[in-house]
Amino acid sequence: FGSSRTLLESTQYLFPPLSFRHQTPKMLARRFAQQTSFLAARQARSFAAVGDKIPSVSVDLGFPPQKVNVAERTAGRKTIMIGLPGAYTPVCSEKMVPSYIAKQAELKAKGVEEVLVISVNDGAVMKAWGKDQGGDGTMVTFLGDPKSELTKALDLVF
């Protein structure tokens, strides 16, 4: 090649890095700046609040999926809605969902009628996850939002 650069140095910009550990500090700083400016510009809400109006959006229950309108399902009832990033995620499967199943008596004593676990999975995945979590016959209902319609309506997409 006529230069003192190694083959690795001459090709490092031809192919994108496979992971962060292969990036230089300058490349990491640039990527961080791009990501943070995007997130700052978007400023999505991080949660829905008690008293927010529940949008009239249908989600999937079970398989084959039955459409359930969330606004109608929660109307006039004390309901807890939990939005989770995905079925079978470790923290959700090991901590979040089991805690609601284990504390059903306490929740009922406080007037809660149902806990809706909603994720951007389809109804089949949510049904299987609910069964794996021991949710059958409990006050915890697993609903799928496969097209993120409820997530978007609540302005929770980021």
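Nothing here was measured: the structure is a model prediction, and the numbers come from that model.

Calculation rules
- Residues numbered from 1 in each chain as written.
- Predicted model: local features only at pLDDT ≥ 70, side-chain atom pairs only at ≥ 80, totals over all residues.
- Heavy atoms only, no water.
- Pairing = 2+ DSSP bridges.
- Helix = DSSP H or I, 4+ residues; strand = E, 2+ residues; numbered from the N terminus.
- Axes fitted to C-alpha atoms, helices over the stretch in contact; angles between N-to-C directions.
- Contact = heavy atoms within 4.5 Å.
- pLDDT = per-residue confidence, 0-100.
- Expected span 1.5 Å × (residues − 1).
- Core = buried A, V, L, I, M, F, W, Y, C linked by side-chain atoms within 4.5 Å.
- Buried < 20%, exposed > 50% of the residue type's maximum accessible area, 1.4 Å probe, protein only.
- Salt bridge = Lys/Arg side-chain N within 4 Å of Asp/Glu carboxyl O.

J.: Describe the sheet that holds strand β5 (residues 140-144), listing the residues and the values that go with them.
T.: Strand order across the open sheet formed by five strands is β2-β1-β5-β4-β3, with mixed pairing between neighbours. The open sheet has two free edges, formed respectively by β2 (66-69) and β3 (79-84), since each of these has just one partner strand. Going from strand to strand, the sheet's axes swing by 40 degrees on average, the running direction of each strand aside. Two strands pair when backbone bridges link them, and β3 and strand β4 (residues 114-119) are joined in this way by six bridges, in the parallel orientation. Paired with Ile-82 across the bridge in β4 is Val-117. In the packing of helix α4 (residues 90-102) onto the sheet, contacts are made with β3, β4 and β5, and the angle to β3 comes to roughly 175 degrees.

J.: Before we move on, could you go through the confidence of the model for the protein chain and cite the residues and values that matter?
T.: A low pLDDT score tells you not to read the predicted coordinates there in detail. Averaged over all residues, the pLDDT of the protein chain equals 79, while 69% of them reach at least 70. Across residues 1-20, where pLDDT falls below 50, the model places nine contacts with residues more than four positions away in sequence or in other chains. With pLDDT under 50 throughout, residues 37-42 is counted as low confidence; its partners more than four residues away or in other chains account for two contacts.

J.: Tell me about α4, residues and numbers included.
T.: Across its 13 residues, α4 extends 17 Å between first and last C-alpha, which sits within 8% of the 18 Å expected from 1.5 Å per residue. Buried residues belonging to α4 abut β3, α5 (104-109), β4, α6 (123-132) and β5.

J.: Just give me the short version of the nonpolar core, but keep the residues and values in it.
T.: Counting residues in each nonpolar core, the largest one holds 15 residues, and the members touching the most others are Leu-84, Val-97, Val-115, Val-117, Trp-129, Val-140 and Phe-142. Elements that contribute at least two residues to this core include exactly β3, α4, β4, α6 and β5. The element best represented in this core is α4, accounting for three residues. When residues no more than four places from it in sequence are discounted, the contact partners of Val-117 are Ile-82, Leu-84, Val-97, Met-126, Trp-129, Val-140, Thr-141, Phe-142 and Leu-143. One finds Val-68, Val-70, Leu-116 and Ile-118 within the second-largest nonpolar core, a separate group that totals nine residues.

J.: Provide a residue-level description of the pattern of salt bridges, including the pertinent values.
T.: Summed over the entire model, instances satisfying the criterion amount to four salt bridges. The closest approach of N and O atoms between Arg-73 and Glu-114, which form a salt bridge, is 2.6 Å. One end of the pair, Arg-73, is in helix α3 (residues 70-74); the other, Glu-114, is in strand β4, and 41 residues separate them in sequence. In this structure Arg-73 comes out as partly exposed when scored by relative accessible area, which is 24%.

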